[in-house]
Amino acid sequence: MEGEFPVDEEDGSEGYNEDGWEIVRRDLDMEIRDKYMKGFYERLFGDQLSEVRNGLMIDNIGFQPPEKWLTLPDMGYLIVNRYNVILVHLGNLCLTLFPMTTPHSSTASIYYIRLVNNDRWIQVNMKDGLPLPRVTIDWKMFHSQVSTSWMLGFAGRLQYWIHLSPMIPSYVSLE
């Protein structure tokens, strides 16, 4: 399923209203329970699978406690796989999340996001063609063979990031 993933715009306007975020949570729950993906997520998340899934379950619409917030990279993996998009986290530890089970798509959207005030994610509008931060070690370990094409399709942008920040290890482990 290729689609649009909504996040708050930099100006504070929301990409989705509260009902829309319920749809996203449902989509991500469907992704993690999908009969073709279930084994993949069991390997990826291991003992944390139930914690990730519980983070998607909410009792009411509106403000949610921190354990129900979008977390990276866990929820990020669900997002990129479900919506076939690229997610780039900008912050103290920058990282790129590519889909892990599908081949490269030249039409995939790239979403740059940043956590603001430790309580919400916003989309940061960036110019096309900017360098991309490194991918996580989880992507390296768990991606399917066909999804290697994402790295190949963005090799120049990934290499340029490494050129700009040579002291950081090539893959980042968030554990």
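Residues numbered from 1 in each chain as written. Predicted model: local features only at pLDDT ≥ 70, side-chain atom pairs only at ≥ 80, totals over all residues. Heavy atoms only, no water.

Q: When you look at the packing of aromatic side chains in this model, what are you seeing that I'm missing?
A: The geometry of two aromatic rings is summed up by the distance between their centres and the angle between their planes. Counted under the stated rule, the structure contains six aromatic pairs. Ring geometry for Phe98 against Trp139: centres 5.9 Å apart, planes inclined by 65 degrees, an arrangement best described as edge-to-face. With a gap of 41 residues between them, Phe98 in the loop between β2 (95-97) and β3 (110-116) and Trp139 in helix α5 (residues 137-142) connect regions that are remote in the sequence. You can call Phe98 buried: its relative accessible area is 0%. Given a relative accessible area of 2%, Trp139 falls into the buried group. With a centroid separation of 5.6 Å and an interplanar angle of 25 degrees, the aromatic rings of Phe98 and Phe154 are classed as stacked. With a gap of 56 residues between them, Phe98 in the loop between β2 and β3 and Phe154 in the loop between α6 (148-153) and α7 (155-164) connect regions that are remote in the sequence. Classification of Phe154 by relative accessible area gives buried; the value is 9%. Here the aromatic residues Phe98, Trp139, Trp150 and Phe154 are joined through ring pairs into a cluster of three or more. (Phe/Tyr/Trp six-rings, centres within 6.5 Å; stacked < 30°, edge-to-face > 60°. Helix = DSSP H or I, 4+ residues; strand = E, 2+ residues; numbered from the N terminus. Buried < 20%, exposed > 50% of the residue type's maximum accessible area, 1.4 Å probe, protein only.)

Q: What is the right way to read the environment of Phe142 from this model?
A: Note on placement: Phe142 falls in helix α5. On the basis of relative accessibility, which here comes to 22%, the residue Phe142 falls in the partly exposed class. For the pair Phe142 and Leu44, spaced 98 residues apart in sequence, the C-alpha separation works out to 6.5 Å.

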